Amino acid sequence: MSALLEVSGIGIAFGGVRAVDDVTFSARAGEIFSIIGPNGAGKTTLFNLISGVYRADRGSVKLAGAEVGGMAPEQLAARGLSRSFQNLQIFFRMSAVENVMLGRHIHEDKSAWRHLLGLPSTARQNRDTRARAMALLERVGLAALADRQAGSLSYGMLKRLEIARALAAEPRILLLDEPAAGCNPTETAEIDRLIVEIAKSGIGIVLVEHDMKLVMSISDRVLVLTYGRVLMEGVPGDVARDPRVIEAYLGAGLPGSEGSHA
Amino acid sequence: MLASFLQFSMSGLTVGAIYALVALGFTIIYNASDVVNFAQGEFVMIGGMVSVFALAAGLPLPVAGLVAVIAAMLVGVALHRLAIEPARGASPVVLIIITIGGAFAIRGLAQVLFDKQFHKLPGFSGEAPVNILGASIVPQAFWVIGGAALIVLAVTLFFERTLLGKAVLATAANRFAAKLVGINTGFVTGLSFLLSAAIGALAGILVTPITLTSYDVGTLLALKGFAALVLGGLGSATGAVAGGLILGLCEAFAAGYLTSTYKDAIAFLVMIGVLLVMPNGLFGRAQAERV
Amino acid sequence: MARFLANRWISLALVAALIVLPGLILPSSYYFRVGALVFISALAVIGLNLLLGFAGQVSLGHAGFVGIGAYAVAILPARFDVPVLLAVPAGMVLSALVAFVIGRPILRLKGHFLAVATLGFGVLVAMVLANEVGWTGGPDGMSVKRLEIFGERIRQPRDWYWISGTLLLIGMAIAQNLLASPTGRALRALHDSEIAARVAGVDVARIKVTVFVISAVYASVAGSCLALLNGHVTPDAAGFLQSVEMVTMVVLGGMGSLFGSIIGAAFLVILPQALTLFHEYEHLMLGILIILIMIFLRDGIVPTLHRLLMERRS
């Protein structure tokens, strides 16, 4: 399999501090590629660089062979990259199903003229979008709450709602930033199952997660980040045994004992 | 050539000093409570109107000024207690509307208590213009610029040297943390209204011998003060003063060299122009979006 | 979906009833005039609500577009012999163009910076209208040619009541269309999280300009109607106080509630009419009432009532 996402030599500095420095990795379609590291290692910053939220100082990002470095998030969305957020970014004033419907924005007609006129084609498209959104809600177990305002849902539900919204875009590659953070064991198992299922459908997954049990059990490959740099990359078994990884985590708590984080 | 340049500079600094004081009043309240107080211009109006009427009632000018400052401070405290405090936690738009409602009410009250006429105070040091290098400058201009400089100095000393001032700064930096260390943040917010009202009233007293006053002069002053505040970078006292002076100078030079018809438009054109290049104002810091 | 459609038609029918029923019983042309003013304001407020209430972008200068619409029907027929009926769409196009040109740079600003930039725009429009005396008649304004339809001059407040009522109904339906579309979802989404909307592929800058242009056109139509109803325009139509009044109507009725826009407009049009009884105390009373309403109904009338109703039910 060829690489779907290729990140090479990417880096950014904030006020002289190199938050992410010379990070290189690649992720394939249908694979679960995890990024772990102590708090402040630069995992979320790396996601922000790849997804166009921040602009990298150097390095390149390729999506399916094409250079996409410096592109805005909405341009990346159109090219098949989607993501979730560590701190929820939910449309709280909209209903659950509308949140997911928005996820289909890149596949919808964008002519404001037709929207103002309320043409039958727009109504048809709305029905189609809603049906697809409902199917996704079904998949993440939220169908019964489709018309509830998102602001009234629990934290664990919102985490799944974000995944459903990201999936609605039908991405080729999906970046998940701590999808199980703050969830109870049942919810975590649910999300675990969901991620594996998504990867099986052929979508490449890049996962940042603190729950080591989850990471080690579902990942194909793992990248370890410390102080913004790549410490090592390998299959879960090798990573868990590597003395450097254990040492890196000793400063911030052992992998797997991670309970609380900012 | 030099004479007209000097003339325009002085008139720019004079108006600019008033804008700076209005913007400083905005900043003090904004820092303490996140409220953009559109009634700030009404404090200037109160300063002018009350001293005019107190003077007419026979009080000597310094006493009349004192009465005006006290009146403005009372109104400031009342505004805070009756309108801002009960609405704590409301959205910024709601708070803006409340302060505009407050400005309406204060203006309406002034219209009832006083009248709808224009009024003037006598110049503190007479009306005879001083001739400097060919520019003729009314002595009151020196009072305005000097007075504004003194006020800014006093405010700076208050914030840097007194415990109370530091409490206000602490509240501005982090309301929650300030509460934790035992600062009464409600009191601090009230104090900021008191202080801003006094500054506004003093500005009104200083400028009324030059520009006249009436019950409705507050609106345009508040708008320009807001423009100066945002131009300076919202929340920075230095920025507010600099923003005010810059707007005043731009106005005076545009009116002198280009067109006086659009004198009032210059402040807004400059402000919009700067924001388009520097979206956080001249002295504001950009904040990286955290997600 | 069925429930949504039902809701939509119900609210349209409700608005239609609120227009038709009073129209059958109002006793004098004074009341028809007030009614027309309510509908015209409501039309502008619906547009502003799309921008402020739904997309979360504040504008303290929207009366600038009211002014453009109003002076379009004043200047074009008087100075260029353009038929009044053509001057209205001309005003709409001009407002849309102005909104399009200033929208992109200005809407990059956020919060108070956006507020003051839009405020500046509104004040500038009002100043141009007051200063270009040769075109606009200056601060005293100018008179407006009456609308003629089939050779009939429309000047009765009763006629304007029905015209503006119809326009309000159309404006409401168009706003509903928009909100139920991908564009509508996108503009509501960016209110809560611009970054999440962008990641979902929404071109946030484009959507903001789109809704700014749409709201400007609503304001422009309202301005044209206002000028034609009054037969006279002054620069005050574009003034800061007018802008503030529009924002207050949006917040008072309820941000993000189309029906609330009508309620907010009705309240703030009728209230000052009632307050004129108090003569010189009018300003004072209005100020105090605005403060009280905003303190006790800060979420707006319609959302507050809605919440109370839901609480009682559960």
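The numbers attached to residues start from 1 for each chain and follow its sequence in the written order. Labels follow written order: the first chain is A, the first ligand is 1, and so on. Restriction of local features to residues with pLDDT of at least 70 applies here, the model being predicted, together with a cutoff of 80 or more for giving and counting side-chain atom pairs; totals for whole chains, interfaces and linings are based on all residues. Where side-chain values are given, they derive from all heavy atoms of the structure, hydrogens and water being excluded.

Visitor: Looking at this structure, I do not really get the overall build of chain C. What am I missing?
Guide: Helix and strand definitions follow DSSP, with helices as H or I runs of at least four residues and strands as E runs of at least two, each counted in order from the N terminus. Secondary structure summary: chain C contains 14 helices and four strands in total. Within chain C, buried positions represent 59% of all 314 residues. In this analysis, two residues are considered to be in contact whenever any of their non-hydrogen atoms come within 4.5 Å of each other. Within chain C, counting contacts between residues at least 6 apart in sequence, those at least 24 apart form 80% of the total. Surface accessibility follows the Shrake-Rupley procedure with a 1.4 Å probe radius. Residue values consider only the protein chains on display as shielding. Accessible surface, chain C as shown: approximately 12600 Å² in total, 68% of it carbon and sulfur. Note on classification: 1.4 Å probe, protein chains only; a residue is buried when its accessible area is under 20% of the maximum for its type, exposed when over 50%, partly exposed between these limits.

Visitor: How should I be thinking about the nonpolar core in this particular structure?
Guide: In globular proteins that are soluble, nonpolar side chains generally tend to be buried together. Here the nonpolar core consists of buried residues drawn from Ala, Val, Leu, Ile, Met, Phe, Trp, Tyr and Cys, with membership extended through side-chain atoms lying within 4.5 Å. Formed by 241 residues in total, the largest nonpolar core has its most connected members in Leu5, Phe25, Ile35 and Val206 of chain A together with Phe38 of chain B. In this structure Phe38 of chain B touches Phe26, Ile96, Thr99, Ile100, Ala103, Ala222, Leu223 and Phe226 of chain B together with Leu60, Leu119 and Phe240 of chain C, once residues within four positions along its chain are discounted. Listed in part, the 36 residues of the second largest apolar core include Ala133, Ala150, Ala168 and Leu214 of chain A.

Visitor: Please clarify how a nonpolar patch on the surface should be interpreted in this entry.
Guide: Residues and elements named next belong to chain B. Like-charged residues within 9 Å of one another, or nonpolar side chains (Val, Leu, Ile, Met, Phe, Trp, Tyr) within 5 Å, are grouped into patches, provided each residue has over 30% relative accessible area and no salt bridge. Whenever a carboxyl oxygen of Asp or Glu lies within 4 Å of a side-chain nitrogen of Lys or Arg, that contact is scored as a salt bridge. A cluster of nonpolar side chains, contributed by Met1, Leu2, Phe5, Val130, Ile132, Leu133, Phe142, Tyr257 and Leu258, occupies part of the molecular surface with about 970 Å² of accessible area. Where the nonpolar patch is concerned, the elements lending two or more residues are helix 1 (2–33), strand 1 (130–132) and helix 10 (237–258). A relative accessible area of 42% places Phe5 in the partly exposed class.

Visitor: Got a minute to help me understand the packing of aromatic side chains in this structure?
Guide: Working definition: an aromatic ring pair is given by the centre-to-centre distance plus the angle between the planes. Stacked, tilted and edge-to-face pairs are distinguished by plane angle, under 30 degrees for stacked and over 60 for edge-to-face with tilted covering the rest, among Phe, Tyr and Trp rings (Trp via its six-membered ring) whose centres lie within 6.5 Å. According to the stated counting rule, one finds 20 aromatic pairs over all chains in the structure shown. Judged by centre distance (6.0 Å) and plane angle (0 degrees), the rings of Phe253 of chain B and Tyr257 of chain B are stacked. With Phe253 of chain B and Tyr257 of chain B both in helix 10, this residue pair falls four residues apart, about one helical turn. Looking at Tyr257 of chain B, the relative accessible area reads 42%, which means it is partly exposed. Between Phe32 of chain C and Tyr161 of chain C, the aromatic rings sit 5.2 Å apart at their centres with planes inclined by 85 degrees, giving edge-to-face as the arrangement. Of the two residues, Phe32 of chain C sits in helix 2 (residues 29–54) while Tyr161 of chain C sits in helix 7 (residues 157–179), which places them 129 residues apart along the sequence. Exposure remark for Phe32 of chain C: the relative accessible area of 1% places this residue in the buried category. Overall, Tyr161 of chain C belongs to the buried group, its relative accessible area being 1%.

Visitor: When you look at the pattern of salt bridges in this model, what are you seeing that I'm missing?
Guide: If the charged atoms of two oppositely charged side chains come close together, the side chains can form a pair. Tallied over the full model, the rule gives 33 salt bridges over all chains. The salt bridge involving Asp109 of chain A is made with Arg114 of chain A; its shortest N-O contact spans 2.9 Å.

Visitor: Explain the environment of Val204 of chain C to me, please; I cannot follow it from the model alone.
Guide: Residues and elements named next belong to chain C. Assignment of secondary structure puts Val204 in helix 10 (residues 204–230). Since its relative accessible area comes to 5%, Val204 is described here as buried. For the pair Val204 and Met310, spaced 106 residues apart in sequence, the C-alpha to C-alpha distance is 34 Å. Residue contacts for Val204: discarding those within four places in its chain leaves Leu190, Glu194, Ala197 and Arg198.

Visitor: Help me understand the sheet that holds strand 7 (residues 173–177) of chain A, please; the structure alone is not making it clear to me.
Guide: Each strand in a sheet pairs with its neighbour through backbone hydrogen bonds, running either in the same direction (parallel) or in the opposite one (antiparallel). Residues and elements named next belong to chain A. Paired strands, in this sense, are two strands between which DSSP finds at least two bridges. Across the sheet, six strands lie side by side as 6-7-8-3-9-10; this open sheet has mixed pairing. Each of the sheet's edge strands pairs with one partner strand only, and the pair in question is strand 6 (81–83) and strand 10 (229–234). Across the sheet, the mean angle separating the axes of adjacent strands is 20 degrees when strand polarity is ignored. Relative to strand 9 (residues 221–226), strand 3 (residues 32–36) runs parallel, the two being bridged by four bridges. Every axis corresponds to a line fitted to the C-alpha atoms, with the helix fit spanning only the stretch in contact, and the corresponding angles, defined between N-to-C directions, vary from 0 to 180 degrees.

Visitor: Please explain the environment of Met278 of chain B as it appears in this structure.
Guide: Residues and elements named next belong to chain B. Here Met278 lies in the segment after helix 11 (263–277). Look at Met278 and you get partly exposed, because its relative accessible area is 34%. It is 9.4 Å that separates the C-alpha atoms of Met278 and Gly233, two residues lying 45 residues apart in sequence.

Visitor: Got a minute to help me understand the sheet that holds strand 1 (residues 3–14) of chain A in this structure?
Guide: Residues and elements named next belong to chain A. The strand order across the open sheet built from four strands is 2-1-4-5, with neighbouring strands paired in antiparallel fashion. Of all the strands in the sheet, the pair left with one neighbour each is strand 2 (17–28) and strand 5 (66–67). The sheet contact formed by strand 1 and strand 4 (residues 58–63) spans five bridges and is antiparallel. Its bridge partner lying in strand 4, Glu6 is registered against Lys62. On top of the sheet, helix 1 (residues 43–50) reaches strand 1, strand 2 and strand 4; it is set at about 115 degrees to strand 1, its chief contact.

Purely geometric numbers; function is a separate question.
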